[in-house]
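For reference, the chains in residue letters:
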Amino acid sequence: MSDGLILHLSGALQAWGGPAQANVRPTYRLPTRSALTGLIACCLGRERDADNTDLDQLAYTIRVDRPGSILSDFHTVGGNHDPLFGLATADGGTRDAPITSTRYYLADAAFTVAVTGPSTVLDHAAEALAHPVWAPYLGRRSCPPDTPVLLTRSPNAIDDLDHVPLHRPIHHAEPVTFAYDREPASGAPDSGQYNDRAVRGHRRAWTPRPLWEQQRAIPAHNGGLGTAWLTALADHLGIPASIQEDPR
């Protein structure tokens, strides 16, 4: 048994920052460990330099409902002599040339995540996710989620990932990818490394950790998009269906 939370992360855009190079801001194809910890810390109302030792005890198992596609955005700031629109400089002027960067996003991706760990930490996380101090976002503040992040508390969260409805077309019959930040079985070979384990006391420093991936089939009819997914999810969670007619 693995007491935990079931989260859902979907939205038009997500950005799970990989190692940046100069003015290029990449994204990993999966939510990173540091970003998921940061998302919960955000809901708890913690500052960036807060001590998240308690949250470090949490483990994340990610189910890839929709992998999405990579989208790039050429980003510019400033580059105008008009003081109303130009980027201010230290001497009180405005910058002649814009600051440019290329930022990458995941478009139309969806992930369902099992969060496991000590019950007391899960209790605090669940309360914060249900009643966040600050609004959660999917990697960058410009990437809001399009569903509530917290779906439910589960007494067996990892196994429940095989049963929570898939947020993807019902005719999509390919195997589903599961990613683990802890060894899923003794002796299981890892699939590579993610540089996303935050270094305590440093705002922008990470160390690598192994990533394990597995693929297995889940019945494609268990899910869908839009109202089909919401209906399947409500049925799975035991939420009574209610239909309200417009009195007009």
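Everything here concerns the structure above.
Residues numbered from 1 in each chain as written. Predicted model: local features only at pLDDT ≥ 70, side-chain atom pairs only at ≥ 80, totals over all residues. Heavy atoms only, no water.

Residue position: T147 is located in the loop between α2 (119–130) and β8 (150–154). Accessibility expressed as a relative area gives 13% for T147, which makes it buried. Aside from chain neighbours lying at most four places away, what touches T147 is H8, S10 and W229. (Helix = DSSP H or I, 4+ residues; strand = E, 2+ residues; numbered from the N terminus. Buried < 20%, exposed > 50% of the residue type's maximum accessible area, 1.4 Å probe, protein only. Contact = heavy atoms within 4.5 Å.)

Quick look at the packing of aromatic side chains now. As enumerated under the stated definition, the model contains zero aromatic pairs in all. When the ring centre of Y105 is taken as origin, the NZ or CZ atom of R140, which lies over that ring, is 4.7 Å away. In this arrangement the basic side chain of R216 is found over the ring face of F178, its NZ or CZ atom lying 3.8 Å from the centre. (Phe/Tyr/Trp six-rings, centres within 6.5 Å; stacked < 30°, edge-to-face > 60°. Lys NZ or Arg CZ within 6 Å of the ring centre and 35° of its normal.)

This part is about the pairing of strand β9 (residues 176–180). Taken residue by residue, a regular strand's side chains alternate between the two faces of the sheet. With five of its five residues buried, β9 lies for the most part within the structure. Here β9 shows a buried face lined by V176, F178 and Y180 and a second buried face lined by T177 and A179.

Counting 35 residues, the largest nonpolar core has L5, L9, L30, L58, F111, V113 and V115 as its most contacted members. Mapped onto this core, the elements with two or more residues apiece are β1 (4–14), α1 (33–44), β5 (59–66), β7 (99–116) and α2. Apart from the residues lying within four places of it in its own chain, the contact partners of L5 are V113, A114, V115, L122, A125, A126, L129, L150, T152, R153 and A157. Within the second largest apolar cluster, 15 residues are counted, among which are L151, A157, Y180 and I218. (Core = buried A, V, L, I, M, F, W, Y, C linked by side-chain atoms within 4.5 Å.)

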